[in-house]
Amino acid sequence: MTTSDIDANVRAELDRLRGSIDNIDAAVVHMLAERFKCTQQVGRLKAQHKLPPADAEREARQIARLRQLAESARLDPAFAEKLLTFIIAEVIRHHETIAANPDAADA
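Summary of the structure given here. (Residues numbered from 1 in each chain as written. Predicted model: local features only at pLDDT ≥ 70, side-chain atom pairs only at ≥ 80, totals over all residues. Heavy atoms only, no water.)

1. Looking at helix α2 (residues 56–72)
Note the following rule: Helix and strand assignments come from DSSP, with helices taken as H or I runs of at least 4 residues and strands as E runs of at least 2, each series counted from the N terminus. Take the residue count of a helix, subtract one, and multiply by 1.5 Å to get its expected span. Residue exposure (1.4 Å probe, protein chains only): buried if accessible area is under 20% of the type maximum, exposed if over 50%, otherwise partly exposed. This arc corresponds to the set of directions leading from the helix axis out to the C-beta atoms. The contact criterion used is simple: two residues touch if any of their non-hydrogen atoms lie within 4.5 Å.
The end-to-end C-alpha distance of α2, which contains 17 residues, comes to 24 Å, matching closely the 24 Å that a straight helix rising 1.5 Å per residue would cover. Among the residues of α2, Gln62, Ile63 and Ala70 are the ones counted as buried. In a view along the axis of α2, the buried residues occupy a sector of 100 degrees, so they form one face of it. Turned more than 90 degrees off the buried face of α2, the exposed positions are Glu57, Arg61, Gln68, Glu71 and Ser72. On its buried face, α2 sits against α1 (8–48) and α3 (77–100). Looking one or two places after α2, you find Arg74, whose phi comes out positive at around 60 degrees.

2. Remarks on the packing of α1 against α3
Which entries qualify depends on this criterion: For helices, the fitted axis covers only the stretch in contact; all axes are lines through C-alpha atoms, and the angles between them, taken along N-to-C directions, range from 0 to 180 degrees. Angles are sorted into four bins: roughly parallel if under 35 degrees, roughly antiparallel if over 145, roughly perpendicular if 65 to 115, and oblique for all others. Should the near helix be turned counterclockwise from the far one by less than a right angle, the crossing is left-handed, whereas a clockwise turn marks it as right-handed. All residues other than Ala, Val, Leu, Ile, Met, Phe, Trp, Tyr, Cys, Pro, Asp, Glu, Lys and Arg, Gly among them, are scored as polar; the first ten of these are nonpolar and the last four charged.
Close contact between α1 and α3 brings their axes to 9 Å; oriented N to C, the two are set at 40 degrees. When the axis of α1 is compared with that of α3, the two are oblique. For the element pair α1 and α3, the recorded crossing hand is right-handed. Taken together, the residues of α3 that come into contact with α1 (itself represented by Leu32, Arg35, Phe36, Thr39, Gln40, Val42, Gly43, Arg44, Lys46 and Ala47) are Leu84, Ile87, Glu90, Val91, His94, His95, Ile98 and Ala99. Of the residues belonging to the contact of α1 with α3, the class tally is nine nonpolar, five polar and four charged.

3. Focus: unusual backbone geometry
Positive phi outside glycine occurs at Lys50, with the angle close to 55 degrees. Considering the arrangement of structural elements, one finds Lys50 in the loop between α1 and α2. Despite not being glycine, Arg74 has its phi angle at roughly 60 degrees, a positive value. Tracing the chain through its elements places Arg74 in the loop between α2 and α3. Classification of Arg74 as exposed rests on a relative accessible area of 82%.

4. Thoughts on the environment of Arg65
Mapping Arg65 onto the fold places it in helix α2. When the C-alpha positions of Arg65 and Arg18 are compared, they lie 30 Å apart, and in sequence the two are 47 residues distant.

5. What to know about the pattern of salt bridges
This is how the line gets drawn: Salt bridges are defined as contacts in which a side-chain nitrogen from Lys or Arg sits within 4 Å of a carboxyl oxygen from Asp or Glu.
Evaluated as defined, the whole model comprises four salt bridges. Taking the shortest distance from any N to any O, the salt bridge between Arg93 and Glu90 comes out at 2.5 Å. Separated by three residues within a single helix, Arg93 and Glu90 lie in helix α3, roughly one turn from each other. Residue classification places Arg93 among the partly exposed positions, given a relative accessible area of 44%. For Glu90, a relative accessible area of 25% puts it in the partly exposed group.

6. Things to note about the side chain of Thr39
Structurally, the position occupied by Thr39 is in helix α1. Ignoring sequence-local partners within four residues, the contact set of Thr39 consists of Val91 and His95.

Have a look at this one:
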């Protein structure tokens, strides 16, 4: 069965749901962009004060917090942890880049 073979009512419902998904995806991207703006500021502050790019204690607290939020939102906590772990790895990479080139970080 192809998309063109789907009943018009079903197609309309799929379109409505997919439109909602597209809006949510856009919001997620914008929220991540805002999050990374904040973490870039953290990276600059860490570089200025010679702090390490990673903070294992903070990361553990954030993962535990996000797992709890996921459970209350009925989202798989393991998935939420994987997502946050991926984001944290990218943040640390940014912080390492800033620490290695602090002059560029001030720009």
